[in-house]
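# Fold and contact review
Each chain is listed here by its residues.
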Amino acid sequence: MSEIRIDALLPAEMATRAEYLGVRKAEMPAFTMFMLSLLAGAFISLGAIFATTVSAGSMPITSADGAVAYTTGLPFGVTRLLSGLVFCLGLILVVVGGAELFTGNNLIVMAWANGKVTGRALLRNWAIVYLGNFVASIATAALMFFTRQYTFGANAVGLTALRIAVAKCDFSFVQAVALGILCNALVCLAVWLTYSARTTIDKILAIIFPITAFVTAGFEHSVANMYFIPIGLFIKDFDPQFMAAVGDRVPNLELLTWQAFFIKNLIPVTIGNIIGGAVLVAAIYWVVFLRDKKA
């Protein structure tokens, strides 16, 4: 009689599961992969919408010279904590609902390193999923712009969205890479922990703390930024009436441009995400658990 187990998988078993799932993801038909990546981009954007709305009204109010004049609402750390908790919605939807997220798919490196997935198949997955995540995130940002939800709370949501977008366009290249590394190390650890899960509740609990940690600490997630920055750009570029009312309350607004979105954030953050997920998580766990079982 086979043994029935209800306890969580052990790390060595999680590595085998990660390898199996990596093969499944890499071999997925391109159309299915792209559709699931669209879902993931939308799901992460929903988490970003939730986080932006929760943190609205609790941001520091700054003067024109950039000095903090006074703060409304909750302390900075508490606001970030709440934002991180609600942002977990995005990865919960991805993992439980089923979707393809570029940052989490960095774990396919475990199957690649073991010879179960070719380099071409790995890069094919990353390219298709990244594109799908980008398209859905931009589309979600456009849809949110048309809802004018950013005017809620006496424009507090829009002010928060603009400040978040400006802050994300003000990193140096090295800083953005470093923030991206730490972010996706935590994201991939969250996904890795779900490989031990037996139930949906297990998966949700495994996701909450790593994701809350990266948002609270201010680390940078490339797919989330595909929503956070474009929504700020849409507000800035296409609602002059709103900007006339609140523009002077957003310091350094000139930093928020499409060029800065790509050059100062998305490209370096993506590089950092790959290093954090593929090297610091996938490669290390491969060395520990799968290296001696290489095909």
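The following refers to the structure shown.

## Digging into the nonpolar core
When a protein is soluble and globular, its nonpolar side chains tend to lie buried together. Ranked by internal contacts, the top residues of the largest apolar core, which has 88 residues, are Phe87, Leu162, Ile211, Ile235 and Leu256. It is helix 9 (residues 222-238) that contributes the most residues to this core, 10 residues altogether. The contact partners of Leu256, leaving out residues within four places of it in the chain, are Leu162, Ala165, Val166, Cys169, Ile229, Gly232, Leu233 and Lys236.

## Structural notes on the pattern of salt bridges
On inspection of all chains with the given rule, the structure shows five salt bridges. The partner of Glu19 in a salt bridge is Lys116, and the shortest N-O contact between them spans 3.3 Å. Of this pair, Glu19 sits in helix 1 (residues 11-26) while Lys116 is found in the loop between helix 4 (109-113) and helix 5 (119-147), placing the two residues 97 residues apart along the sequence. Relative accessible area serves as the criterion here: at 9%, Glu19 is assigned to the buried category. Between Glu100 and Lys25 there is a salt bridge, and its shortest N-O distance comes to 2.9 Å. Of this pair, Glu100 sits in the loop between helix 3 (76-97) and helix 4 while Lys25 sits in helix 1, and the two are 75 residues apart along the sequence. Neither Glu100 nor Lys25 differs from the other in exposure class; each is buried.

## Considerations on the packing of helix 2 (residues 30-55) against helix 6 (residues 156-168)
Direction vectors running N to C along helix 2 and helix 6 enclose 115°, while the axes themselves pass 8 Å from each other. Comparing their axes, helix 6 and helix 2 come out roughly perpendicular. The handedness of the crossing between helix 2 and helix 6 is right-handed. On helix 6, the residues that touch Thr52, Thr53 and Ser55 of helix 2 are Val157, Thr160, Ala161 and Ile164. Classifying every residue of the contact of helix 2 with helix 6 by side-chain character gives three nonpolar, four polar and no charged.

## Observations concerning unusual backbone geometry
One non-glycine residue with positive phi stands out, namely Ala154, at about 55°. Relative to the assigned elements, Ala154 resides in the loop between helix 5 and helix 6. Positive phi outside glycine occurs at Asn155, with the angle close to 75°. Looking at where Asn155 falls in the secondary structure, it is placed in the loop between helix 5 and helix 6.

## Notes on the environment of Val109
Relative to the elements of secondary structure, Val109 occurs in helix 4. Linking Val109 and Val23, residues 86 residues apart in sequence, is a C-alpha distance of 9.9 Å. For Val109, the residues in contact, after removing those within four places along its chain, are Leu122, Trp126, Ala278 and Ala282.

## Quick look at the state of the cysteines
One pass over the full model with this rule turns up zero disulfides. Here Cys169 stays free of any disulfide, with the sulfur of Cys183 as its closest cysteine sulfur at 16 Å. Looking at Cys169, the relative accessible area reads 1%, which means it is buried.

## Some thoughts on the side chain of Asn225
Inspection of the secondary structure assignment puts Asn225 in helix 9. Looking at Asn225, the relative accessible area reads 0%, which means it is buried. A polar contact is formed between the side chain of Asn225 and the side chain of Lys168, at a distance of 3.0 Å. Excluding anything up to four places from it in sequence, Asn225 contacts Lys168, Glu220, Pro230, Phe261, Asn265 and Val269.

Criteria and thresholds
Residues numbered from 1 in each chain as written. Predicted model: local features only at pLDDT ≥ 70, side-chain atom pairs only at ≥ 80, totals over all residues. Heavy atoms only, no water. Core = buried A, V, L, I, M, F, W, Y, C linked by side-chain atoms within 4.5 Å. Buried < 20%, exposed > 50% of the residue type's maximum accessible area, 1.4 Å probe, protein only. Helix = DSSP H or I, 4+ residues; strand = E, 2+ residues; numbered from the N terminus. Contact = heavy atoms within 4.5 Å. Salt bridge = Lys/Arg side-chain N within 4 Å of Asp/Glu carboxyl O. Axes fitted to C-alpha atoms, helices over the stretch in contact; angles between N-to-C directions. Parallel < 35°, antiparallel > 145°, perpendicular 65-115°, else oblique. Left-handed = near helix turned anticlockwise from the far one by under 90°. Nonpolar A, V, L, I, M, F, W, Y, C, P; charged D, E, K, R; others polar. Disulfide = S-S within 2.5 Å. Polar contact = N/O pair within 3.5 Å; in protein donor to acceptor, adjacent residues only side chain to side chain.

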